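Commentary on secondary and tertiary structure
Here's the letter readout for the chains.
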Amino acid sequence: DTEVTQTPKHLVMGMTNKKSLKCEQHMGHRAMYWYKQKAKKPPELMFVYSYEKLSINESVPSRFSPECPNSSLLNLHLHALQPEDSALYLCASSQTGQGSMGYTFGSGTRLTVV
Amino acid sequence: GDSVTQMEGPVTLSEEAFLTINCTYTATGYPSLFWYVQYPGEGLQLLLKATKADDKGSNKGFEATYRKETTSFHLEKGSVQVSDSAVYFCALSDRGTNAGKSTFGDGTTLTVKP
């Protein structure tokens, strides 16, 4: 299995809702990432988990809360989002936290906040 | 800090034309270099990589050579197809102080016409 699977593919949520994005990989990778991508822009790093511990938080607002239940799963909990948070949210994994062999990305969750 | 500068797009070519997308980088450590491709509505896919100077990465007819003396990693393909239409991102992953944080260029949109 050489894939990163993200669910759901599309999500529309109101500003008072709570929702979660899920990401799963079975490649034995020990680092997992959340990225945010706006249209026609490169992905922006949000969080890095290395060996199931949060190693990097790029000063992301607390309305985004990551969770890594085990080495194969990564969640992103969303609460009280703003319309400007609408974007494509990408999960990625790499063999180690160095990322020196590149990332495997999922196909993303297209999030719309209304 | 680390940075990646890509040739500005969009780039429009006819089928079977030669492709070059320029990429130069600045890094404080010993980076690995990557090209990712993003097709419409999808996540990023690792296209090719090079982990040290003079390495050549290749995949699906695309090539790029890690040139430390010119800090460049230009993407080339001898004969493009309509199916190559996508956004291409140059990226680096530094094994130094910024380990775990890949730096992406702004992306170059390629359109190939029949």
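First, a word on what this report is: a plain description of the structure on this page. Every chain is numbered on its own, with residues counted from 1 as its sequence reads. Ligands are numbered from 1 and chains lettered from A, in the order in which they are written. Per-residue local features of the predicted model are confined to residues with pLDDT of at least 70, and side-chain atom pairs are confined, for both listing and counting, to 80 or more; whole-chain, interface and lining totals are unaffected and use all residues. Side-chain calculation: all heavy atoms of the structure are included, whereas hydrogens and water are not.

Its boundaries defined by the atoms lining it, the largest pocket holds a volume of some 550 Å³. In terms of lining, the largest pocket is formed by 24 residues, of which the most central are K40 and K41 of chain A together with V87, F89 and T109 of chain B. The greatest single-element share of the lining of the largest pocket, amounting to three residues, is contributed by strand β10 (residues 86-93) of chain B. Cavity and pocket criteria rest on a 1 Å grid covering protein atoms alone: a 1.4 Å probe that fits but cannot get out defines a cavity, protein on both sides within 12 Å along at least 5 of 7 lines defines an open pocket, and an atom within 4 Å of a point defines a lining residue. Grid points are joined across faces, edges and corners, and a volume is the space filled by probe spheres set on the points. Volume-wise, the second largest pocket comes out at about 440 Å³. If you trace the second largest pocket, you find 23 residues lining it, with T2, E3, Y103, T104 and F105 of chain A closest to the centre. Elements represented by at least two residues in the lining of the second largest pocket include exactly β1 (4-7) and β10 (104-105) of chain A together with β6 (44-50) of chain B. Under the DSSP-based scheme used, a helix requires at least four consecutive residues in state H or I and a strand at least two consecutive residues in state E, with every element numbered from the N terminus. A total of four residues in the lining of the second largest pocket trace back to one element, the largest contributor, which is β6 of chain B. For the lining of the second largest pocket, a count of residues per class yields seven nonpolar, twelve polar and four charged. Three residue categories are used. Nonpolar comprises Ala, Val, Leu, Ile, Met, Phe, Trp, Tyr, Cys and Pro, charged comprises Asp, Glu, Lys and Arg, and polar comprises the others, including Gly.

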